[in-house]
Amino acid sequence: MMQSSGCSICMKVCPVQRYGLPAVLENYEKTGRILGKDTDDLEGYDWPLDGRHYGPGVTPHIPDTVVRPPGYHFDAARTEPPTTKGDA
């Protein structure tokens, strides 16, 4: 397993990673539900930007300054990475 840019969300919410494949399969056979789905134990998280805890189905508000920092410009027509000063 690999973590990229501090993310690894897929591993954090994966019931197999959390409980193990045998437990997930056993629970599914008994109940028809995926073990941990819609529970705070598997899907809850603490958001570092505001320090709050978010449970399943709750999404934090992300300020525009985080998503679009000052000076950001999206160009849908661009097909190449932008050049920076000093690039040859």
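Residues numbered from 1 in each chain as written. Predicted model: local features only at pLDDT ≥ 70, side-chain atom pairs only at ≥ 80, totals over all residues. Heavy atoms only, no water.

Novice: Hey, could you run me through the overall build of the protein in this one?
Specialist: The secondary structure content of the protein amounts to five helices and two strands. Ordering the α and β elements of the protein from the N terminus gives α-α-α-α-β-β-α. Contacts spanning at least 24 positions in sequence make up 9% of the contacts within the protein whose residues lie at least 6 apart. A total accessible area of about 7,500 Å² is found for the protein, and carbon and sulfur atoms account for 57% of it. (Helix = DSSP H or I, 4+ residues; strand = E, 2+ residues; numbered from the N terminus. Contact = heavy atoms within 4.5 Å. Areas by Shrake-Rupley, 256 points an atom, 1.4 Å probe, with all protein chains shown as cover.)

Novice: In this structure, what is going on with the packing of aromatic side chains? I would like to understand it.
Specialist: The description of an aromatic ring pair rests on the distance of the ring centres and on the angle between the ring planes. As enumerated under the stated definition, the model contains two aromatic pairs in all. Here Tyr45 and Trp47 contribute two aromatic rings whose centre-to-centre distance is 6.3 Å and whose plane-to-plane angle is 70 degrees, an arrangement assigned as edge-to-face. On the accessibility criterion, Tyr45 (28% relative accessible area) is partly exposed. Clustering of aromatic rings is evident, with ring pairs tying together Tyr45, Trp47 and Tyr54. (Phe/Tyr/Trp six-rings, centres within 6.5 Å; stacked < 30°, edge-to-face > 60°. Buried < 20%, exposed > 50% of the residue type's maximum accessible area, 1.4 Å probe, protein only.)

Novice: It is not clear to me how a nonpolar patch on the surface should be interpreted in this structure. Could you clarify?
Specialist: Taken together, the side chains of Leu49, Ile62, Val66 and Val67 make up a nonpolar region of the molecular surface, amounting to roughly 330 Å² of accessible area. Here Leu49 is to be found in the loop between strand S1 (45-46) and strand S2 (53-54). (Patch = residues over 30% accessible without salt bridge, like charges linked within 9 Å, V, L, I, M, F, W, Y side chains within 5 Å. Salt bridge = Lys/Arg side-chain N within 4 Å of Asp/Glu carboxyl O.)

Novice: Looking at this model, I keep getting lost on the pattern of salt bridges. Mind explaining?
Specialist: Summed over all chains, the structure comprises four salt bridges. Here Asp41 ties to Arg18 by a salt bridge, and the two come within 2.6 Å at their closest N and O atoms. Of this pair, Asp41 sits in helix H4 (residues 40-43) while Arg18 sits in helix H2 (residues 15-19), placing them 23 residues apart in sequence. The salt bridge partner of Arg33 is Asp38, with a shortest N-O separation of 3.9 Å. A relative accessible area of 45% places Arg33 in the partly exposed class. Given the relative accessible area of 46%, Asp38 is considered partly exposed.

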